[in-house]
Amino acid sequence: MHSDRRWYGGPPPRGTTADVIEVVSPATGQVVGRVPRASAGDVDRAVAAARTAFDDGPWPRMPVEERVAVLRRLSARLHSDVDYVAALVTSQNGTPYEFSRMAQAYAPVMVLDYYLDLATGFPFEEVRTGMLGPAHVRGLPVGVVGAVTSWNMPLYQALCKLAPALLAGCTAVLKPAPEAPLDSFLLARAAAEAGVPDGVLDVVAGDGGIGAHLVAHPGLDKVSFTGSVRTGRQVMAACGTNLTRVSLELGGKSAAVVLDDADLDSVVGQIASLAYMNNGQSCVAQTRVLAPRTRYDEVVERLARAVSEMVVGDPMDPATRIGPLVSARQRDRVEKYLHIGVTEGARLVVGGDRPADLPKGWYLQPALFADVTNNMRIAREEIFGPVACVIPYDDDDDAVRIADDSPYGLAGTVWTADAERGLRVARRVRAGSYSVNTFNMEMGAPFGGFKHSGIGRELGPEGLREYLEYQTIHTAASNPQAARE
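Rules and cut-offs
- The residue numbers shown here count from 1 along each chain, following its written sequence.
- With the structure being a predicted model, the display of local features is reserved for residues of pLDDT at least 70 and the display and counting of side-chain atom pairs for 80 or more, all residues being used for whole-chain, interface and lining totals.
- In computing side-chain values, all of the structure's heavy atoms are included and hydrogens and water are not.
- Only the stretch in contact is used when fitting a helix axis, every axis being a line fitted to C-alpha atoms; angles between N-to-C directions are given from 0 to 180 degrees.
- Numbering goes from the N terminus for both helices and strands, where a helix is a DSSP run of H or I of at least four residues and a strand is a run of E of at least two.
- Any angle that is under 35 degrees is reported as roughly parallel, and any over 145 degrees as roughly antiparallel; angles of 65 to 115 degrees are reported as roughly perpendicular and all others as oblique.
- Note: crossing handedness is left-handed where the near helix turns anticlockwise from the far helix by less than a right angle, and right-handed where it turns clockwise.
- Working rule for contacts: check all heavy atoms of both residues, and any pair within 4.5 Å makes them a contact.
- Grid points spaced at 1 Å and placed over the protein atoms alone form the basis of the search, with a cavity being a set where a 1.4 Å probe fits but cannot get out and a pocket an open set showing protein on both sides within 12 Å along at least five of seven lines. Lining residues have an atom within 4 Å of a point.
- Grid points are joined across faces, edges and corners, and a volume is the space filled by probe spheres set on the points.
- As a working rule, the residues Ala, Val, Leu, Ile, Met, Phe, Trp, Tyr, Cys and Pro are called nonpolar, Asp, Glu, Lys and Arg charged, and the rest polar, with Gly in that last group.
- Residue-level confidence of the predictor is what pLDDT reports, using numbers from 0 through 100.

1. What to know about the packing of helix H2 (residues 64-80) against helix H4 (residues 97-120)
Helix-helix packing: each pair is described by the crossing angle between the helix axes and the interaxial distance.
Then step 1. Two elements in contact, H2 and H4, have axes separated by 10 Å at closest approach and are oriented at 160°. As far as their axial angle goes, H4 and H2 are roughly antiparallel. As for how H2 packs across H4, the hand of that crossing is left-handed. Of the residues in H4, those in contact with Val64, Glu65, Val68, Leu71, Arg72, Leu74, Ser75, Leu78 and His79 of H2 are Val109, Leu112, Asp113, Leu116, Asp117, Ala119 and Thr120.

2. Comments concerning the layout of surface pockets
The probe, sized like a water molecule, is rolled over the atoms to show the empty space still left.
Then step 1. One number sums up the size of the largest pocket: a volume of about 1100 Å³.
Then step 2. Taken together, 39 residues line the largest pocket, and the ones lying closest to its centre are Trp151, Gly227, Ser228, Arg230 and Thr231.
Then step 3. Elements with a contribution of two residues or more to the lining of the largest pocket: helix H7 (208-215), strand S8 (222-226), helix H8 (229-242) and helix H11 (328-344).
Then step 4. A per-element tally of the lining of the largest pocket places H8 first, with 7 residues.
Then step 5. A class-by-class count of the residues in the lining of the largest pocket yields 15 nonpolar, 15 polar and 9 charged.
Then step 6. The space that makes up the second largest pocket amounts to roughly 480 Å³.
Then step 7. Taken together, 23 residues make up the lining of the second largest pocket; nearest its centre are Ala103, Met153, Tyr156, Phe439 and Met441.
Then step 8. Put simply, the parts of the chain that give the lining of the second largest pocket at least two residues each are H4 and helix H5 (154-168).
Then step 9. Across the lining of the second largest pocket, the residue classes break down as 15 nonpolar, 6 polar and 2 charged.

3. Quick look at the packing of H2 against helix H6 (residues 182-194)
Then step 1. Where H2 contacts H6, the two axes come as close as 8 Å, and the packing angle between them is 130°. If you check the angle between H2 and H6, you find them oblique. For the crossing formed where H2 meets H6, the hand is right-handed. Together, Val70, Arg73, Leu74, Arg77 and Leu78 of H2 and Leu186, Leu187, Ala190, Ala191, Glu193 and Ala194 of H6 make up the contact between the two elements.
Then step 2. Among the residues forming the contact of H2 with H6, the class breakdown is 8 nonpolar, no polar and 3 charged.

4. Points about the confidence of the model for the protein
Then step 1. For the protein, the mean per-residue pLDDT works out to 94, and 95% of the residues sit at or above 70.
Then step 2. pLDDT under 50 marks residues 5-16. Its contacts with residues more than four places away, or in other chains, come to 35 contacts.

The following block contains the structure:
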């Protein structure tokens, strides 16, 4: 896919940079697409176009039903393109196609469809009786939104931000990661064809410097960022300078707690899939497996067998379960952690090598560590690759303590024959999303993290409220309709 247009309310004016970003397949090292590389001036123009569209354009002033109608056309277009979108994202970041089709193509449209249904009957305005008289409480669009996404789930992250923002009446500038910008330009083109007015959705692609320029821009009213904790701190500091509202979806080091009554025949395969999902490049990956000491060796043995059977190869092959890492730099980072784990005294049970039969691309065999303690770096730091570790615990209290002993608090799972016992464990862990005997991210429920995993929530009604400012209009008790009129 190639795009020669920057999306800031029209074709690029004279004098903008002619630079391009070449998107490289992590499976082959070959260029699979090109998009314009934004300059700081391009970002300024994008924000100016979004500001004009918000201050003077029709989008924020449309009845919500009209915005819904426009975005339903966008949904229809994306539904018709799911196979292409899945292949496009896989070509950028190496997600196995079988996973990509659901997570990278269908799930983003599911998010959009959820918000389309929610917005139709959402209480953007309500009258509260009050103790001193009627109060009209209005949810107004927050304004111009800067949305910054990562490369691991690019279109999904974009629509988690843009669907509620646009339906609320905001305008937005989307900044995708340079490793995976192609789907963002596809989205912008589809939105324009659906009837989204100029300036309502703009895309600027570039490296971290362009992202920094965007989030620090005084023309923004809100920033929504997905990425690392380190960058999240920088984003928050930049937003603080302008008092720009900010939400952050950051990292995770999620724990899968295997209770002593769990049926290992049914749960080990599921845990392995969750630990190594999206080649381990997922913030919700269950990379810490907590196993009872009484069954520790059994859990390690079964997990090692499941991991060793995962097919590593071409991400477009339906049999592949582990594709390449997104870049050579990312593979180097993961290999550094493999060395750290061994140096710390953990036992590398299986994996960790570069496959000899895959000399091209940035492949790595999925790795499993045993004899891990929770104070090791491989247990505390987000590796973001196909690496998991098994940590022993004594009883349920100890399992909760270890699961909660992390700077992160994004997600987790608990596996047991007793669902009520599982619920008791889940309720005790400070994490934003927990699952019992399954793993789920429900579109209608809030998603986000405790501690260093972030600030704010995406999905559910809570995700829409992130893009609203609330105004209260008080009226005299004898004339409650005055403000509405």
